[in-house]
Amino acid sequence: MRALQIAAWLLAAGLLTAAPVAAQPEEAAAPAGYVVGVYAPRVYFPNSLARTSYANDVAARLTASTGISFSGRGFATRGDFDRQIQEGQVHFAVVEAQLQAERGFTALAQGTTGGATSRAMVLVTSEGTGPGIGALKGRTLALVAVGGRDKSFVMNHLLQGQVPGDWFKTTTARDVQSALGLVKLGKADAAFTFTGNTDGLAVSFQSRPAPLPVFVQTAKELDADVVSKVRQAITGVSARNSVFDGFGALDGAALGRLKRDLDGGPRAPGNEPVFAAARSALPPVPDQMERGPVVLPTPDPAPLMGIPAPPADAF
Amino acid sequence: MRVAIILLCALLAGPALGQGRYQPQGAAQRAYLEGERLREAGDALRARGKADDAREKYSEALDALLDAHKADPAYIDVYVKLGVLHYSLARHAAALPLLEQGLKRAGGNLDLRFWYGQNLLAAGKAEQAVPVLEQVAAQGAERFPEVLVVLGEHYYGARDFARARPALERFLKLDPEATAVRAKLGNTYFKLGLFAEALAAFEEVQKRWPDNIQAQVNIGNALFQLGRYEQAVAVLEAALKREPDRESVLFNLAQSYFKLGRHAEAVPYYERFVKGRPDSFNGRYFYGSALMELGRDAPALEQLGQALRIKADIPQVAYKMGVIHLRGGRPDAAQASLEQARKGAPDDAWILSALGTVARQRGQLDVALDLHRQAAARAPAEARLQANLALTALRADALEVAAPALDEALKLDLRDAFVRAAGATVLAARAKAAAAQDAAAADKLLERALALQPTDATLLADRALLRLALDDAPGARAAAEASLKASPDLPAARHALGRAKLLAGDAAGARGDLEAAMQAQPTVGTALALAQALVDGGQVDAAVDLLTESARSWPADAALRQGQALVHYARAAAQLAGDATGRRTAGDLRVALEAEASLPREAGARLQYAAAIGALRRGEGREARTHLGLAIQKGRQAGPGLTALLKAGTAASHLEYLQAHADTLVRRYDLALEHLGRCQAPLERRLCKYALDRQAQALFQAGDLAGARKALEDARELGADAGVEHNLLVIAWQQKKGRDRALAAWRKLEDQVPEASFNVGVAAEARGDQRAAWEAFRRQVAAGGPLAARAGEIADVKNRIYRFEEATP
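Sequence order as written defines the numbering, with residues in each chain counted from 1. The naming scheme follows written order: chains are lettered A onward, ligands numbered 1 onward. Given that the model is predicted, a residue must reach a pLDDT of at least 70 before its local features are reported, and side-chain atom pairs must reach 80 or more before they are shown or counted; all residues, however, enter totals for whole chains, interfaces and linings.

A. Layout of the overall build of chain B. Working definition: helices are DSSP H or I runs of at least four residues, strands are E runs of at least two. Numbering for both runs from the N terminus. Across its full length, chain B holds 45 helices and zero strands. A residue is called partly exposed when the number of other C-beta atoms within 10 Å of its own lies between 12 and 20, exposed at 12 or fewer, and buried at 20 or more, with C-beta atoms placed from the backbone. For chain B, the proportion of its 809 residues judged to be buried stands at 50%. Restricting to contacts in chain B with at least 6 residues of sequence separation, those with at least 24 account for 47%. Note on contacts: each residue gets a C-beta atom placed from the backbone, and two residues are in contact if those atoms are within 7 Å.

B. Geometry of the interface of chain B and chain A. With 92 residues of chain B at the interface, the matching set in chain A holds 48 residues. It is helix α24 (residues 417–435) of chain B that contributes the most residues to the side of chain B that touches chain A, ten residues altogether. In the scheme used here, Gly and all other residues not listed as nonpolar or charged are polar, with Ala, Val, Leu, Ile, Met, Phe, Trp, Tyr, Cys and Pro taken as nonpolar and Asp, Glu, Lys and Arg as charged. Along the lines of polarity and charge, the residues of the side of chain B that touches chain A split into 56 nonpolar, 18 polar and 18 charged.

C. Molecular detail of the environment of A:Asp263. Looking at where A:Asp263 falls in the secondary structure, it is placed in the loop between α9 (252–262) and α10 (301–304). Between the alpha carbons of A:Asp263 and A:Ala101 there is a distance of 9.7 Å; along the sequence they are 162 residues apart.

D. Expanded view of helix α9 (residues 161–174) of chain B. Helix span, expected: 1.5 Å multiplied by one less than the number of residues in the helix. With 14 residues, α9(B) should cover 20 Å at 1.5 Å per step; its first-to-last C-alpha distance of 20 Å lies within 8% of that length. Among the residues making up α9(B), those that are buried are B:Ala164, B:Arg165, B:Ala167, B:Leu168, B:Phe171 and B:Leu172.

E. Inspection of the packing of helix α12 (residues 213–225) of chain B against helix α14 (residues 247–259) of chain B at higher detail. Residues and elements named next belong to chain B. Between α12 and α14, whose axes approach to 10 Å, the crossing angle comes to 25°. For the element pair α12 / α14, the angle class is roughly parallel. Judged by the twist between their axes, the crossing of α12 over α14 is left-handed. Counted together, Val217, Gly220, Asn221 and Phe224 of α12 and Ser248, Val249, Asn252, Gln255 and Ser256 of α14 form the full contact between these two elements. Tallied by class, the residues present in the contact of α12 with α14 amount to three nonpolar, six polar and no charged. Note on geometry: axes are C-alpha line fits, over the in-contact stretch for helices, and angles between N-to-C directions span 0 to 180 degrees. Should an angle lie under 35 degrees it is considered roughly parallel, over 145 roughly antiparallel, and from 65 to 115 roughly perpendicular; all remaining angles are considered oblique. Crossing handedness follows the turn of the near helix against the far one: under a right angle anticlockwise gives a left-handed crossing, and clockwise gives a right-handed one.

F. Geometry of the sheet that holds strand β6 (residues 118–125) of chain A. All names here are of chain A. A pair of strands counts as paired when DSSP detects no fewer than two bridges linking them. Strand order across the open sheet formed by five strands is β8-β7-β9-β6-β10, with mixed pairing between neighbours. Each of the sheet's edge strands pairs with one partner strand only, and the pair in question is β8 (169–173) and β10 (202–211). Across the sheet, the mean angle from the axis of one strand to that of its neighbour is 30°, orientation sign disregarded. Bridge analysis of strand β7 (residues 140–144) against strand β9 (residues 190–194) gives two bridges, and the strand direction is parallel. When the sheet's bridge partners are listed, Leu141 is paired in β9 with Ala190. Running over the sheet, helix α6 (residues 150–158) touches β6, β7, β8, β9 and β10 and is turned about 110° from β7.

G. Inspection of the pairing of strand β4 (residues 92–95) of chain A at higher detail. All names here are of chain A. Burial along β4 is two-sided: Phe92 and Val94 facing one way and Ala93 and Val95 facing the other are all buried. Relative to β4, strand β2 (residues 34–39) is paired through four bridges, and the arrangement is parallel. Residue pairing in the sheet places Tyr39 in a bridge with Val95 of β4. For β4 and strand β11 (residues 214–217), the ladder comprises four bridges, and the chain directions are antiparallel. When the bridges of β11 are listed, Val95 appears paired with Val214.

H. Fine view of the confidence of the model for chain A. Per residue, pLDDT measures the predictor's confidence, with a range of 0 to 100. The pLDDT averaged across chain A works out to 87; a share of 90% of its residues lies at or above 70. Residue range residues 1–31 of chain A is modelled with pLDDT below 50. Its contacts to residues more than four positions away, or to other chains, number 45 contacts.

I. Quick peek at unusual backbone geometry. Here A:Gln160, not a glycine, exhibits a phi torsion of approximately 55°, which is positive. Secondary-structure assignment places A:Gln160 in the loop between α6 and β8. The class of A:Gln160 is buried, set by 20 C-beta atoms lying within 10 Å. The backbone of B:Arg159 shows a phi angle near 60°, a positive value even though the residue is not glycine.

J. The nonpolar core, seen in detail. One finds A:Val183, A:Ala191, B:Ala531, B:Val567, B:Ala610 and B:Ala612 to be the most contacted residues of the largest nonpolar core, which totals 184 residues. The leading source of residues in this core is helix α34 (residues 601–618) of chain B, at ten residues. Each residue touching B:Ala610, except ones within four places of it in the same chain, is listed here: A:Met289, B:Tyr569, B:Ala572, B:Ala573, B:Leu576 and B:Leu589. The term nonpolar core refers to a set of buried Ala, Val, Leu, Ile, Met, Phe, Trp, Tyr and Cys residues connected through C-beta atoms within 7 Å. Listed in part, the 173 residues of the second largest apolar core include B:Leu85, B:Phe144, B:Phe258 and B:Leu355.

Structural data, given as structure tokens:
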């Protein structure tokens, strides 16, 4: 029974069909006009169809808002996504904030949930694992493959540099549903997922809110008018998935913080001592001037002098 | 006269006959005697007033003498008697050939020549007669004195008064009692303008003919001509009582009153005169002139207009009409009349001057100046014209023209009221112009003006102001008081009196006068003087308010801006001691600094110093450095240097200390420490410590750990300090030195150094003691230390990772 359940789950997660699906992009229809891709591995989609459906939903809403023809395209792997971008087949995309930070795509909007542009992630563990991260020392973390700095994302951004880099062993998962599957299958001990997507697993740790995926321009040379219309339209688009329900303005501060955490690889744990602020007070400033007499300018006599009126004309 | 001459000559003819110089024929002798008898009978009849009967006898006598002439043509006496009878019967032309025959026979006979001349003259042949008669007068005036009368009468009638005079005078020598001849001589003198001689002659006549009205009139006229108007009035008034309608008396009496300036008394006589002589130009002209002098412009214009109609070519009439229009404020009419006058007398200086005055009234100053110049050039001896030129030049701001013209006017007539008044005006203007550059020179000019108008309030006030400029407070006060006596509300005098009191140290008294002056006539000078009185009286706030308000009225006045700067500085300087933050005095100093460039250097140095102190107290290091630099510079320029302006006993390093303070505020700790040197005095030690602490922090942040350590070690030498010890450990930590000691050391310092608990957390964390670290960070949070937020975040994440709170009982 349990095996059946697992198989069904894996089927739903697309793990069992990952290889054939990865060979072809998830297209619902032939591309028409501009293409909006969806590559957000940390967002839980039950299957590829759901991801494609979500991509089409976003595209349709943009089309409706702008009058420009958009089509949606879901990507399960970064390889297909990168290739199609390189080929100019994808013009806009919904990507993980980490990927935007790494690749420098032009961000136009950010995913929002309940108005917020970030959402906490939780470290879920398989049954029998002890409480807290302390219990996970030397255990395997299923790391969702997003970009080149996935470990920095976890160690620096989610764990805020408080855990040594060698605390976990890691294994890579194509997306969050795969990572959760690995934990459930016992092939990994823990994985990070956005809150609300724990799928019955025990929560060992909740991070501070992490930035939600962003809507980016992936094609470089686009009609400025089109970009402008998209930028304007996307912030009003409501398109729900398991993590966020629409798009809003970018949270520059959070994205900046994320970028800093990604830079330089996983940090060594620990903090630096601070230099105590100088607290000596400035001494007073004495006034030593002798007060001189105040001598105002002496009035010039000329302006005050009068002239007697000339005599009346005499002849 | 004709009768007298005939009688006289008849008498004279007798002795010639009786002398027996010629023996005539008998018939001739008889006819001659008959003729003589008849002529004498005619004389007797005429003497009785029977002129016709006399003429009949003369005619019979003429017939008898013609018979005598026929009987003996060589009988010369007959010719003489024929000349007499022809003359008596007015048969002058008939007499002439007979007398010429006689003269051929006896050319040297004076009788014949006399009667020949007489008949020639009577026959209208004056040119032939006068030489004949002059010869008679020259050869025999004693025998024929009447020839002098004849000649005198002839010359008088011919208006040749110069020749009439000696003839008449010679006659009167021969016959002093000839009153009628003396009266004629008086008239001759009068005609010749010899009024004193005329007066004497008329007075002689009056002695002999006391009741002669003509003599009285002539005496009055002569007195008038001699300028003895009072006497003339008395004589003519008396004459007028005797003959109320005598025109010459009316006119001369009016003229005498006119000349005496008694125009009102002259007017009725003129009026009576023109009533009788409505076409008299002189009557109308002088009548109009008298009315003009009385200011009765309308009737004056009427009379002058009448005069102009009688004689249109007399320019004085139009001139006077122009003057009346001019003073009546009718420049157009004035110009028209004056231009008319100018046509008659293009070079008349007075007309030109009046035209200039018209131009001046119209504001055409160039034209006016030109006309007044022309007038003065044409009549350079007329003081009023020179004075008028000076007034116009003054109005045209041409003092270089006004000054010499006025000097000339005063030289010509120092008594003329117009000239004196003009002089006071021009000299006062010159004094005013000179005052700014040379008060002493201005004072001299003003003294000249006051010599002309000694009680003029304006001039006295000017003198007071100049005395103030010359630091003569008593003189200024006296002049101001004299001015106020003459004009109690004169603002300039009130101003001067206030300042004189101020100079004498009476600020309270000065304030009253200056406030009154300010109220009556606000000026920058009065505002400044009143502000000085307020400052001297300790009311600096009121002085500031006054000058602030005044600056709204005179925003561009440099002296006012300077005064404003000084009072604002004075207020700031007074408050600086109690202004620890420099905020309270900032406003005053800012206003003062706006006009700092205009202040004397010493005052500028004081102000910049105060501004530097204020800026330092406000923590504005850059401004403080600038002000301090300027204070030192200006102090040096003022002479003794800025230190000489400081209080006695001020440390020599005071200015260095201030500079170090400013350097510290701009974070130039190196310069500050350089200024402070060995950091010996207590304040300097404190500032050194402050600078070293900040320098260490800055160097640490810049990554210069060695430099930071050196600064901290220097700071430690100035006294023990937990912060210094704490930070030396931080540097050591960074240099990976003594990390093992750091935890305990920072733990000890937690009570003294707020950051210490954070660093304890860091040190514990480094040891792998996450719980100790978590607790230390929590202490930082609990103490509300400077790193509480960051510590709280770290503690939170540590807790979420390691679940310390769940494990904590």
